[in-house]
Amino acid sequence: WIWSAKYNPFHDQLILSSGSDYLVNLWRVASCSSAPWIGSLDDDNHDRDGNEDSYEFDPPDVKVRTIDQHEESVYAVAWSAADAWIY
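In what follows, the accompanying structure is described. (Residues numbered from 1 in each chain as written. Predicted model: local features only at pLDDT ≥ 70, side-chain atom pairs only at ≥ 80, totals over all residues. Heavy atoms only, no water.)

**Comments concerning the overall build of the protein chain**
Working step 1: Per the secondary structure count, the protein chain includes zero helices and four strands.
Working step 2: The order of α-helices and β-strands along the protein chain, N terminus first, is β-β-β-β.
Working step 3: Taken over 87 residues, the protein chain has a buried fraction of 25%.
Working step 4: Once local pairs closer than 6 in sequence are excluded, the contacts in the protein chain between residues at least 24 apart make up 53%.
Working step 5: Of the roughly 6,700 Å² of accessible surface on the protein chain, 49% is carried by carbon and sulfur atoms. (Helix = DSSP H or I, 4+ residues; strand = E, 2+ residues; numbered from the N terminus. Buried < 20%, exposed > 50% of the residue type's maximum accessible area, 1.4 Å probe, protein only. Contact = heavy atoms within 4.5 Å. Areas by Shrake-Rupley, 256 points an atom, 1.4 Å probe, with all protein chains shown as cover.)

**Some details on the nonpolar core**
Working step 1: With seven residues, the main nonpolar core is built from Leu14, Leu16, Val24, Leu26, Val74, Val77 and Trp79.
Working step 2: Every element with two or more residues in this core is listed here: strand S2 (14–19) and strand S3 (24–29). (Core = buried A, V, L, I, M, F, W, Y, C linked by side-chain atoms within 4.5 Å.)

**Details of the sheet that holds S3**
As a general point, the strands of a sheet are linked pairwise by backbone hydrogen bonds and lie either parallel or antiparallel.
Working step 1: If you walk across this open sheet you meet the four strands as S1-S2-S3-S4, and the pairing is antiparallel. In this open sheet, the two edge strands, each paired with only one partner strand, are strand S1 (2–7) and strand S4 (61–67). Taking each pair of neighbouring strands and ignoring which way they run, the sheet shows an average axis angle of 20°.
Working step 2: As paired strands, S1 and S2 are joined by five bridges and run antiparallel to one another. Residue pairing across strands places isoleucine 2 opposite glycine 19, the latter belonging to S2. (Pairing = 2+ DSSP bridges. Axes fitted to C-alpha atoms, helices over the stretch in contact; angles between N-to-C directions.)

**Looking at unusual backbone geometry**
Working step 1: Residues other than glycine seldom take positive phi values, yet tyrosine 22 does so here, at roughly 70°.
Working step 2: Within the secondary structure, tyrosine 22 is located in the loop between S2 and S3.
Working step 3: Its relative accessible area of 39% is what places tyrosine 22 among the partly exposed residues.

**Overview of a nonpolar patch on the surface**
Working step 1: Together, Trp1, Trp3 and Tyr75 give the surface a local cluster of nonpolar side chains, amounting to about 490 Å² of exposed area.
Working step 2: Relative to the elements of secondary structure, tryptophan 1 occurs in the segment before S1.
Working step 3: Tryptophan 1 gets classed as exposed once you look at its relative accessible area, which sits at 80%. (Patch = residues over 30% accessible without salt bridge, like charges linked within 9 Å, V, L, I, M, F, W, Y side chains within 5 Å. Salt bridge = Lys/Arg side-chain N within 4 Å of Asp/Glu carboxyl O.)

**Quick look at the pairing of S2**
Working step 1: Burial of S2 is extensive: six of the six residues sit out of reach of the surface.
Working step 2: Of the two faces of S2, the one lined by Leu14, Leu16 and Ser18 and the one lined by Ile15, Ser17 and Gly19 are each fully buried.
Working step 3: Pairing of S2 with S3 involves five bridges; the strand directions are antiparallel. When the bridges of S3 are listed, serine 17 appears paired with asparagine 25.
Working step 4: Counted along the chain from S2 to the antiparallel partner S3, the turn is four residues long, and its residue tyrosine 22 has a positive phi close to 70°.

By themselves, these are just geometric observations and shouldn't be taken as functional.
In structure tokens:
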């Protein structure tokens, strides 16, 4: 079960989640962010003239980090109001 999920108030691509599995996970969920996603395109995405293909693709949503040093369920997570990178 997921007990808590919080968006980062400064960077809405970052989400903290916690639950009954004793884990706190940090996720980058670019697909639902208000900021534009800037990803890298592979060389395969160019046509014969060297121009980039114009197509849309979904940004990756990935787990960035897991903190697994809890001995019981984690019922709440929170972001720091003073620093965008502390939780």
